[in-house]
Structure formats: structure tokens, C-alpha cells
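# Understanding the architecture of this molecule
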Amino acid sequence: MPYSCIFIYEALNYYIKKEFHSPILSIGFTLTGLLFFALSFFYWGQAYTWSVLFLSGFVLPLLPRVLSPRQLSLFSLASLISLLPMFIVNGLLTALPVVIYNDSHNLGLRIGSIPVEDFLYFLLLYALNIGIYERLRK
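Right, let's walk through the structure included here.

Calculation notes
Residues numbered from 1 in each chain as written. Predicted model: local features only at pLDDT ≥ 70, side-chain atom pairs only at ≥ 80, totals over all residues. Heavy atoms only, no water. Patch = residues over 30% accessible without salt bridge, like charges linked within 9 Å, V, L, I, M, F, W, Y side chains within 5 Å. Areas by Shrake-Rupley, 256 points an atom, 1.4 Å probe, with all protein chains shown as cover. Salt bridge = Lys/Arg side-chain N within 4 Å of Asp/Glu carboxyl O. Helix = DSSP H or I, 4+ residues; strand = E, 2+ residues; numbered from the N terminus. 1 Å grid on protein atoms, 1.4 Å probe; cavity = no way out; pocket = protein on both sides within 12 Å on 5 of 7 lines; lining within 4 Å. Points joined across faces, edges and corners; volume = space filled by probe spheres on them. Nonpolar A, V, L, I, M, F, W, Y, C, P; charged D, E, K, R; others polar. Buried < 20%, exposed > 50% of the residue type's maximum accessible area, 1.4 Å probe, protein only. Core = buried A, V, L, I, M, F, W, Y, C linked by side-chain atoms within 4.5 Å. Expected span 1.5 Å × (residues − 1). Arc of directions from axis to C-beta. Contact = heavy atoms within 4.5 Å.

### Quick notes on a nonpolar patch on the surface
On the surface, a nonpolar cluster with roughly 730 Å² of combined accessible area is contributed by Leu84, Ile88, Val89, Leu92, Leu93, Leu96, Val98 and Val99. One can find Leu93 in helix 5 (residues 69-95).

This is how it looks when you write it as C-alpha cells:
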């Protein structure tokens, strides 16, 4: 996953030359992260839900401070594009079932066969990969 995340991000960085960014993204990541952090305390007894919300609540507000506005925009676009392969692969793994989730540790809500927490976990992993990648490039 780390390689594919960085590959999609870099491909967009290479092909999109136009400067684009929105100040709303920075505010959105910060507020969304704070919301996830606050929500995490309501799900203390559900380990997967709690950990994904808690860690996302910590990482997402830091992302606008680590990435430039252009990088944050590229990350957002790359995340949306990456959802399709994530949905296919994760859907296959959870439908077969290669990966089995204990619903007492999550909300029990699924999109297809994928627990909703997996989408947030995906965003968290993607954010960590791109954040670390860009920091190391500096």
C-alpha cells in the first residue's frame, strides 16, 4: 500500500502542473480531525472504531502543517482516486472472507462487505505515508 499511495500521489503531482489549492481544505482537515478525536471517546469499548477515530483525530489536524497547500490538495485528490482500488481489493478480501472482523470491536456498519472504519483507516494510512514521504523529501 505505501508504494501505491505514493505512486498515485506522485503521478498526480507530475501530470497536474496548474497551481490549485483551497484554504478550506486546511480548515476541513483540522475540524474533521478534531471531530474524530472527540467522537473517539464515545467508542472506547469498540477497539477498532476507537483507535481509528483517535489516531485520525491526531493525524488529520497535523497534515495541513506538514504539507503545503498544493500538496494537501494533491493528497485529497489522490485519496479520492485511490478509494476505487481500495474498495475493490478490500471488498474482495472481506467478501471471500480472507479478512474477518469481530463486529463487537467496530460499529457493525458496512459498505458492501467493508466495515466503514476501513475507509477512515485507509485515509489515516494514506495521510501518514504522504506526510512522512514529504517530510523526508525536505
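Having put the structure on the table, let's press on.
### Quick word on the layout of surface pockets
Each pocket or cavity is described by its volume, and for the largest pocket that value is around 360 Å³. Along its surface, the largest pocket is lined by 18 residues, and Met1, Met86, Val89, Asn90 and Phe122 are the ones closest to its centre. Looking at the lining of the largest pocket, the elements with two or more residues in it are helix 1 (2-15), helix 5 and helix 6 (116-137). Sorting elements by how many residues they give to the lining of the largest pocket places helix 5 first, with 6 residues. Counted by class, the lining of the largest pocket contains 14 nonpolar, 3 polar and 1 charged residues. Taken as a whole, the second largest pocket encloses approximately 240 Å³ of empty space. Contributing to the lining of the second largest pocket are 14 residues, with Phe36, Val116, Phe119, Leu120 and Leu123 lying nearest its centre. Secondary structure elements with two or more residues in the lining of the second largest pocket: helix 3 (47-59), helix 5 and helix 6.

### As for the pattern of salt bridges
Scanning the model with the defined rule gives 3 salt bridges in all. With its nearest N and O atoms 2.9 Å apart, the salt bridge here joins Arg110 to Asp103. On the accessibility criterion, Arg110 (34% relative accessible area) is partly exposed. Members of the salt-bridge network, linked through shared partners, are Glu10, Glu134 and Arg137.

### Let's talk about the nonpolar core
Core analysis: the largest hydrophobic core is formed by 25 residues, its most contacted members being Tyr9, Leu63, Phe75 and Tyr126. Those elements giving two or more residues to this core turn out to be helix 1, helix 2 (23-40), helix 3, helix 5 and helix 6. Here this core takes 7 residues from helix 6, the largest share from any one element.

### A short note on helix 1
In this model, helix 1 (14 residues) spans 20 Å end to end at C-alpha, consistent with the 20 Å of a helix rising 1.5 Å per residue. Residues of helix 1 that are buried: Cys5, Tyr9 and Leu12. Each buried residue of helix 1 sits inside an arc of 60 degrees when the element is viewed along its axis, so together they form one side. Every exposed residue of helix 1 that faces more than 90 degrees away from the buried side is listed here: Tyr3, Tyr14 and Tyr15. Taken together, the buried residues of helix 1 touch helix 5 and helix 6.

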